[in-house]
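# Geometric and topological summary
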Amino acid sequence: MINIQENISLKEYTTFDIGGSARYFVEVKNPEDISKALTFAQEKELKYFILAGGSNVLFSDDGFDGLVIKIDIDDINIDGETVTCGSGVVLLDFLNILAESSLSGGESLAGIPGTVGGGVRGNAGAFGLEMKDIVTQIHVLNVETGENETFDNTQCDFEYRNSIFKKNVQYIIIRIVFQFVSGDKKQIQNVMQEIIAKRNTKQMQDIKSAGSFFVNPTVDEKVQKMFEQDTGKKSHDGRVPAGWLLDGCGIFQKRIGDIQAGVEHANYFINMGEGTAEQVIQLSAVAKTRVRDEFDVHLREEVVLAGF
Ligand SMILES: Cc1cc2nc3c(=O)[nH]c(=O)nc-3n(C[C@H](O)[C@H](O)[C@H](O)COP(=O)(O)OP(=O)(O)OC[C@H]3O[C@@H](n4cnc5c(N)ncnc54)[C@H](O)[C@@H]3O)c2cc1C
């Protein structure tokens, strides 16, 4: 039995703390429940949206006029250095369990909010490590065929903040298989604490936001050179930080209503209180226009917009 609820406020389910209500809302613990939820949506001719940790989503102020399926698959199986994890497990909980089991390899991801499944979909990364570096296999439900499928790492088209699962919404990630190496428990825990402390000094943690709002774009050589001269840093794969572009055209700390661009840099849009999705969209439009006019670069949202 699945428990489909009506009129559930979505803001509580997002780190942005923004958004109206879902017409229908269900939490699912296993693939069978997902299939039941999808059948419900199909029978009622509803759109559906897959929600996990809600740390990379902006829901409209009008909410979502369909079924929101919240992924809560939370089993973990440890077999030596091979670990299989349900997609709904909170990433930090997962890393803490690995540390307790003296398994090393994922420490640099400590402090990235959200779930393991959400992280795999967007190939989340920090401090030089990305999900793609530790994942070996992904088990998914293909909504179009109703079949379960397994992808090996090389079939996932992982790239910067992208994967085959992001490009093809018919895949719902169910479980992920990881390969780690045995290490020293205390040392693993210390590294994780250091990483989290670094994130805290960058004021990246205790704020109401959805992380980086725009993807770091690829730019032409002229803009790459400007970035390198200005910062003394190298641009990687032809990309420059969206935050640098935004800062460069006066978006840093620009505020519309209760939404402000940045504490550390302008690519974090922060809900300073009672911010609305409308205000986020307005700030985003101003930011995109300025960056286009100043640098001839088109910014693309990393944050997923739902219900617009
Ligand atoms: C303060 C802060 C700091 C952040 N720092 C970083 C960082 O350092 N590096 C980084 O990469 N990101 C960062 N992020 C962004 C965010 O944490 C990641 O993108 C995270 O991996 C999203 O996971 P989630 O579970 O919250 O996904 P959600 O926000 O719930 O969903 C995001 C998208 O993934 C889809 N999705 C989620 N689960 C599944 C699934 N099981 N199957 C199919 N689709 C699914 C959803 O439909 C949606 O389209 C940060 C965010 C915040 C708020």
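Within any chain, residue numbers begin from 1 and follow the written order of that chain's sequence. Local features are withheld for residues below a pLDDT of 70 in this predicted model, meaning they are given only at 70 or higher, and side-chain atom pairs are given and counted only at 80 or more; totals for whole chains, interfaces and linings count all residues. Excluded from the side-chain calculation are hydrogens and water; included are all heavy atoms of the structure.

## As for the domain arrangement of the protein chain
Where we set the bar: Marked domain ranges trace back to an automatic or database domain assignment. Residue contacts are defined here by distance: any two heavy atoms, one from each residue, within 4.5 Å place the two residues in contact. The term buried area refers to how much accessible surface (probe radius 1.4 Å) is lost by two components on association, counted for both of them together. For this document, the term salt bridge refers to a Lys or Arg side-chain nitrogen within 4 Å of an Asp or Glu carboxyl oxygen. Pairing of N or O atoms within 3.5 Å defines a polar contact, subject to two protein rules: one partner must be a possible hydrogen donor and the other a possible acceptor, and residues neighboring in sequence count only if both atoms are side-chain atoms.
What the domain assignment lists for the protein chain is domain 1 (5-71), domain 2 (76-198) and domain 3 (207-306). Measuring from the centre of the C-alpha atoms in domain 1 to the corresponding centre in domain 3 gives 28 Å. Listed per partner, the contact involves 13 residues of domain 1 and 21 residues of domain 3. When domain 1 packs against domain 3, close to 1,300 Å² is buried across both sides, 57% of that on carbon and sulfur atoms. Our enumeration of links across domain 1 and domain 3 arrives at one salt bridge. One salt bridge connects D17 with K208, and the closest N-O pair in it is separated by 2.9 Å. Across the contact surface, domain 1 and domain 3 share 11 residue pairs in polar contact (both at pLDDT 80 or more).

## A look at the packing of helix α2 (residues 91-100) against helix α5 (residues 185-201)
The condition is simple: Between N-to-C directions, angles span 0 to 180 degrees; the directions come from axes that are lines fitted to C-alpha atoms, helices contributing only their stretch in contact. Strands here mean DSSP runs of E at least two residues long; helices mean DSSP runs of H or I at least four residues long; both are numbered from the N terminus. Each angle receives one of four descriptions, namely roughly parallel if under 35 degrees, roughly antiparallel if over 145, roughly perpendicular if within 65 to 115, and oblique otherwise. We call Asp, Glu, Lys and Arg charged. Ala, Val, Leu, Ile, Met, Phe, Trp, Tyr, Cys and Pro are nonpolar, and the rest, Gly among them, are polar.
Where α2 contacts α5, the two axes come as close as 8 Å, and the packing angle between them is 155°. The orientation of α2 with respect to α5, classified from their angle, is roughly antiparallel. Counted together, L92, L95, N96, A99 and E100 of α2 and K185, I188, Q189, M192 and I196 of α5 form the full contact between these two elements. Here the contact of α2 with α5 is built from residues that sort into six nonpolar, two polar and two charged.

## Some words on the side chain of Q170
How we decide: Here's how the labels work: a residue is buried when its accessible area is under 20% of the maximum for its type, exposed when over 50%, partly exposed in between, all with a 1.4 Å probe on protein chains only.
Turning to its location among the elements, Q170 is positioned in the loop between α4 (164-167) and β13 (171-179). For Q170, a relative accessible area of 16% puts it in the buried group. For Q170, the residues in contact, after removing those within four places along its chain, are L141, N142, V143 and E144.

## What to know about the sheet that holds strand β6 (residues 76-79)
As a reminder, the rule being used: What makes two strands pair is DSSP finding at least two bridges between them.
The five strands lie next to each other as β6-β7-β13-β11-β12, forming an open sheet whose pairing is antiparallel. Sheet topology places β6 and β12 (147-152) at the edges, where each strand pairs with a single neighbour. Pairwise comparison of adjacent strand axes, ignoring direction, gives a mean angle of 15° for this sheet. With four bridges connecting them, β6 and strand β7 (residues 82-86) associate as antiparallel partners. Opposite I76, over in β7, you have C85 as the bridge partner. Set on the sheet, helix α1 (residues 31-43) makes contact with β11 (135-142) and β13; between it and β13 the angle comes to about 165°.

## Some details on the pattern of salt bridges
What the rule picks out here adds up to 15 salt bridges. For E100, the salt bridge identified is with K185, shortest N-O distance 3.2 Å. Remark: K185 occurs in helix α5 and E100 occurs in helix α2; sequence separation between them is 85 residues. With relative accessibility at 48%, the residue E100 sits in the partly exposed group. In this structure, K167 and E159 form a salt bridge, with 4.0 Å as the shortest nitrogen-oxygen distance. Judged by its relative accessible area of 45%, K167 falls in the partly exposed class.

## Description of the sheet that holds strand β5 (residues 64-71)
Strand order across the open sheet formed by four strands is β1-β2-β5-β3, with mixed pairing between neighbours. The open sheet has two free edges, formed respectively by β1 (5-9) and β3 (47-51), since each of these has just one partner strand. Adjacent strand axes in the sheet meet at a mean angle of 40° when their direction is disregarded. Pairing analysis gives four bridges linking β1 to strand β2 (residues 21-28), with the strands arranged antiparallel. From the neighbouring strand, E6 faces β2, where its bridge partner is Y24. Sheet strands in contact with α1 are β2, β3 and β5, and its direction is about 175° off that of β5.

## Side note on the site of the ligand
Put simply, the test is: Residues are labelled near a given molecule or strand when at least one of their non-hydrogen atoms is within 4 Å of it. Here the open area of atoms and residues is found with the Shrake-Rupley method and a 1.4 Å probe, where only the protein chains shown may cover a residue.
Among the 32 residues in the neighbourhood of the ligand, the closest are listed as I50, G54, S55, T115 and G125. At 2.9 Å from an oxygen atom of the ligand is found a main-chain nitrogen or oxygen belonging to G53. Within the side chain of T115, a nitrogen or oxygen atom sits 2.7 Å from an oxygen atom of the ligand. Burial of the ligand by the surrounding chains reaches 94%, relative to a free accessible area of 980 Å². Elements represented by at least two residues in the shell around the ligand include exactly β3, α3 (116-121), β9 (125-126), β13 and β15 (209-212).

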